[in-house]
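Structure at a glance
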Amino acid sequence: MFDTLLRGRPWRLPLFLILAAWAPAAAAQEAAQAPYAGSDSCQPCHEEIYSSFRKNAHAFLDTEKGRGWAGRACESCHGPGAKHVESLAAADIRNPAKLAPLEADKSCLECHRHQATQVGRIRGSHARNLVACIQCHPIHGTEKVTLSPHPAARINAQCADCHADVWTSFQRPHSHRLVQGAMSCVDCHNPHGGALIRNMRVAGANEPGCLRCHGDKRGPFAFEHAPVRLEGCQSCHEPHGSVNPRMLVRHETSRLCLECHARPPGAPGALGGIPGGFHDLASPRFRNCTVCHIKIHGSQVNRDFLR
Amino acid sequence: MNKSLLLLLAVVPVAGQPGPSPVREKATLGTVDLGYRWTSAVPGDFATYRSVVNLQDGFRVRGLDFHSTDSSRRLYDKLTFFADSWGDPYNTARLDAERNGAWRLWIDYRNIDYYNFLPSFANPGLEQGSLVNQRSFDMRRRFWDAELRLRPGKRVSPFVGFSRDSGFGRGITPFVTSGNEYPVGTTLRDQTNNYRGGVDLEFRRWHLTLEQGATAFKDDQLVFTADRNLGNRRVPLLGQELFLAQAAQAYGARGESIYSRGVFTAAPIEAVNLYAQFQFSQPKTDIRYSDNGRGLFYLGATRFFNTLESLASGEAKQPHTSAALSAEVRLHPRIRVFESIFTDRLHNASSLLLVQQLFFATGPAETARIFTPDRLAMNYSRQQADLFVDVTPKITLRGGHRYEWGDARLRSPSLAGTANPETGELKRHVGLAGVNFRALEKLAFNLDYEGGDADASYFRTSLHDYHQLRGRATVQALASLQLLANFLLLDNENASPGVGYDLRNLAGGLSLRFSPGGGRRVSFFGDYTRSRLRSDISFRSLPFLDRADSFYRDNAHTATGIFELALPSGHKVVKPRLSLGGTLFRSSGSRPARYYQPYGRLLVPFSDHVSVYAEWRWYGFTQPFYIFEGFRTHHLLFGLKLSL
């Protein structure tokens with residue numbers, strides 16, 4: 001890991017450590033704490049929210065002494081409410097829905113920062129693009145709109161609210177079965193982020209997430225097809241949907257293969273040597289590469305993926 | 001009983017009550033959605049219909065959800081169960097149960113029928129009128145996943161989990177021999193079991209997850225035929241007509257893997273967040289394979305043989321290590337720095353011994369023992385630094401740099417005609433920039449830019465010198481009107497000699513959601529996306545290695561619309577709702593296609609708990625270059641929805 005760091009941009013490490021040392025001095029000072037009012041003070045005016053919140057996963061805070069919010073579950077997110085109870089002014093209470101995303105997330109991360117679900121948060125594209133927790137998690141929800149929505153169709157609808165362009169890809173004729181509700185976006189992507197690009201999930205410890213369902217492509221194979229390991233399934237497939245059979249990124253299999261397998265033997269350049277010269281592309285037999293190279297994801301028996 | 005005792009009895013419970021508490025009454029909620037679907041005859045290609053849609057006639061449990069809270073807490077606090085599309089080829093179920101602070105259990109199940117028989121794919125006989133896809137499947141994939149966590153939300157929370165992914169079914173696959181390949185039937189059966197357990201340690205300033213897992217895998221594909229088969233070769237070879245009289249193939253792969261995972265987060269001080277991750281897995285596979293075939297096969301050098309028998313035994317191992325280290329430092333309330341490093345190292349080593357016997361019409365049999373070791377090594381690393389500046393409370397700017405580097409080494413394919421290993425290298429600098437602008441509560445937009453400059457990349461079509469711009473804007477124009485715009489541009493070029501790759505992907509979309517009065521009477525959702533993909537690359541055309549160009553074009557329009565209307569009704573409860581809409585996909589380019597799915601739905605609620613509905617949907621799919629693959633069909637569905 002350390003040599004990995006130094007091989008990249010070694011000057012970054014000391015710079016980063018210096019910046020980190022400065023950080024405490026620059027950190028914001030905590031505001032003076034105003035008095036709390038207690039959750040039951042909220043009920044008279046916010047009866048509907050209060051009632052639905054009683055069935056919410058966060059309601060346990062009112063009785064859980066270990067968390068320090070016993071009797072003050074509402075104020076665990078909204079902050080001390082005594083002043084608001086007295087004045088009834090909206091300005092006197094913290095409303096995460098109206099705060100800037102970073103500010104809103106502070107109250108969530110106060111408890112959830114150090115949890116398994118948040119481990120990829122720093123690298124996650126949602127955090128980078130300032131998507132607040134409450135944009136996906138309705139905190140006041142009842143059982144029907146839970147913090148973690150299920151089934152798949154509900155998750156997909158929620159993701160499509162922002163990622164409408166991605167959702168349209170699933171309207172193509174060949175796509176994963178998200179429209180049918182058999183899969184959801186979070187089967188492949190971890191919305192909280194992760195070490196891989198595009199918030200991709202992993203299978204097991206560090207295998208590509210696609211293998212969670214496509215176990216037959218897992219291997220290891222005696223003869224691996226390099227793109228599967230080096231750049232993943234997306235090298236050849238468009239997982240969100242395609243007009244091409246098998247969600248391939250090209251309309252003809254031979255084009256898809258030969259776009260990579262075009263390097264003359266011995267010539268420098270990208271991976272992918274030219275296949276032997278006996279294939280005659282004028283013949284339909286050879287324009288369908290996977291008719292012979294049937295184990296194209298990797299073969300246990302044959303170097304050329306013929307069986 | 002005197003008055004003071006009564007007063008005491010009345011007061012004590014109230015005084016002892018610890019303030020407000022979550023609802024403790026037993027509550028059960030749920031809905032059941034039952035339906036019956038009729039499908040019209042499918043004019044066109046039924047196999048394509050099954051490959052794309054695959055919905056059939058019959059009774060269906062379209063949806064079922066059940067929520068229960070139990071005040072007694074004898075078994076659970078909360079239990080939720082969902083089931084979806086039972087009776088259809090794609091169905092799911094999920095159970096979540098929890099006793100607060102004691103345990104949490106979830107079980108996830110899904111079943112997906114995978115039918116794929118598109119005559120235009122993997123069909124060397126297409127030009128002769130054959131509509132047989134030689135790589136077709138009629139399979140079912142099932143997936144179970146379960147996890148039990150003890151003491152959820154507590155400082156020490158152990159967990160155990162199990163998942164199973166399995167596939168079984170049949171299909172068509174070619175039996176490949178030198179000089180010809182013969183499409184034959186196959187049965188497929190694979191199964192992967194995953195067992196895992198670990199512990200989460202959650203403290204105020206740090207968190208650690210340790211997980212240990214194991215995977216067991218098996219793949220038992222079988223091929224058998226006893227029918228004479230002339231294969232894909234259309235002309236005799238050296239005056240001989242090759243054929244297959246009988247064939248059998250048995251794959252028996254057994255695999256296992258042990259993996260370890262550790263994840264650590266910490267906030268040593270308020271302004272610093274650290275994150276580290278280490279993962280190691282070592283899958284390995286034991287291979288047993290046998291095949292035999294009878295017929296007339298070509299060996300090469302003008303020799304033919306009649307029977308082949310092969311037996312193979314081998315092993316593959318793939319140690320795989322990944323690690324990541326990230327940090328976020330808030331230098332100032334308005335300035336944040338992210339730094340992350342990621343490395344991924346994989347090494348696949350295998351060896352296979354193949355014993356092959358060939359029997360000739362005349363002369364002695366020949367036996368060959370072929371030992372083939374193989375290697376694939378890949379090292380990939382990535383370092384990224386980002387700076388985030390909140391210029392104002394409404395504007396956040398970000399900029400950064402990513403450097404990716406790696407190397408790969410693998411054996412050249414035997415067909416490449418060289419014994420030297422192939423080596424690949426990756427060196428790519430990427431500049432990052434972005435802006436997040438929240439102008440008003442009702443207007444926000446986000447722009448993300450990535451610009452990459454590679455000295456080397458693994459493949460000819462990899463990201464090389466590229467620019468990617470992604471934008472998203474949301475406008476809440478009125479309380480009832482929301483607009484969302486998306487934009488994506490990806491420009492990727494690799495002008496290296498012998499490559500000449502140029503890709504441009506451009507997509508833009510606009511969504512509109514209009515629901516006056518909260519959508520009680522009328523609501524509309526519409527979305528339109530336009531995308532254009534252009535890819536140009538040269539390649540070497542076989543057999544003479546002439547330079548040729550591969551052009552791929554995909555210009556697509558996708559539209560979705562749903563219009564909902566509450567029909568006038570004098571009744572307080574019976575308020576029918578009509579939905580009209582559907583999706584439209586139309587593309588031109590290398591594989592033009594039209595795929596229309598209009599639909600209409602009438603929902604009539606008879607009470608708060610009972611409603612009925614009728615739904616009509618039409619599926620129409622055509623491809624101008626592959627007219628034989630089109631289909632169209634009507635679906636009519638009547639349903640009953642009950643809610644508790």
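Above: the structure in question.
Described below are features of the structure shown in this document. (Residues numbered from 1 in each chain as written. Chains lettered and ligands numbered in written order. Predicted model: local features only at pLDDT ≥ 70, side-chain atom pairs only at ≥ 80, totals over all residues. Heavy atoms only, no water.)

1. Considering the overall build of chain B
Looking only at helices and strands, one finds two helices and 29 strands in chain B. Over its C-alpha atoms, taken along the principal directions, chain B stretches across nearly 115 × 65 × 55 Å. Contacts in chain B between residues far apart in sequence, at least 24 positions, make up 58% of those at least 6 positions apart. With the model as given, the accessible surface of chain B reaches about 29,800 Å², and the carbon-plus-sulfur share is 61%. (Helix = DSSP H or I, 4+ residues; strand = E, 2+ residues; numbered from the N terminus. Contact = heavy atoms within 4.5 Å. Areas by Shrake-Rupley, 256 points an atom, 1.4 Å probe, with all protein chains shown as cover.)

2. Some thoughts on helix α6 (residues 101-112) of chain A
The end-to-end C-alpha separation of α6 of chain A is 15 Å, in line with the 16 Å expected for 12 residues at 1.5 Å each. The set of residues buried in α6 of chain A consists of Pro101, Ala104, Asp105, Ser107, Cys108 and Leu109 of chain A. On its buried face, α6 of chain A is in contact with α4 (73-78) of chain A together with β19 (422-440) of chain B. (Expected span 1.5 Å × (residues − 1). Buried < 20%, exposed > 50% of the residue type's maximum accessible area, 1.4 Å probe, protein only.)

3. Notes on unusual backbone geometry
Residues and elements named next belong to chain A. In this model, Gly219 is joined to Pro220 through a cis peptide bond whose omega is 5°. Within the element layout of this structure, Pro220 appears in the loop between β2 (207-208) and β3 (223-224). A positive phi angle is found at Leu88, which is not glycine, with a value near 60°. The residue Leu88 is located in the loop between α5 (82-87) and α6 in this model.

4. Section: the interface of chain A and chain B
Taken together, the contact between chain A and chain B spans 137 residues of the former and 200 residues of the latter. For the pairing of chain A and chain B, the buried interface totals around 14,800 Å² over both sides, and the portion due to carbon and sulfur atoms is 58%. In this structure, the connection of chain A to chain B is made through 10 salt bridges. At the boundary of chain A with chain B, the tally comes to 47 residue pairs in polar contact (both at pLDDT 80 or more). Here the element with the most residues in the side of chain A that touches chain B is helix α2 (residues 12-26) of chain A; it accounts for seven residues. Here the side of chain A that touches chain B is built from residues that sort into 62 nonpolar, 34 polar and 41 charged. (Buried area = accessible area lost by both parts, 1.4 Å probe. Salt bridge = Lys/Arg side-chain N within 4 Å of Asp/Glu carboxyl O. Polar contact = N/O pair within 3.5 Å; in protein donor to acceptor, adjacent residues only side chain to side chain. Nonpolar A, V, L, I, M, F, W, Y, C, P; charged D, E, K, R; others polar.)

5. Quick word on a negative patch on the surface
Residue and element names in this part refer to chain B. A contiguous patch of negative charge on the surface is contributed by Asp453, Asp455, Asp465 and Glu493. Tracing the backbone shows Asp453 in strand β20 (residues 443-456). With a relative accessible area of 45%, Asp453 lands in the partly exposed category. (Patch = residues over 30% accessible without salt bridge, like charges linked within 9 Å, V, L, I, M, F, W, Y side chains within 5 Å. Lys, Arg positive; Asp, Glu negative; His and termini not counted. Charge placed at Lys NZ, Arg CZ, Asp CG, Glu CD.)

6. Observations concerning the environment of Leu311 of chain B
Residues and elements named next belong to chain B. Inspection of the secondary structure assignment puts Leu311 in strand β14 (residues 303-317). Relative accessible area serves as the criterion here: at 53%, Leu311 is assigned to the exposed category. Residues Leu311 and Asp291, 20 residues apart in the sequence, show an inter-C-alpha distance of 6.7 Å. Discounting residues that sit within four places of it in the chain, Leu311 has contacts with Tyr289, Ser290, Leu353, Leu354 and Val355.

Interpretation in functional terms is not warranted from these geometric data alone.
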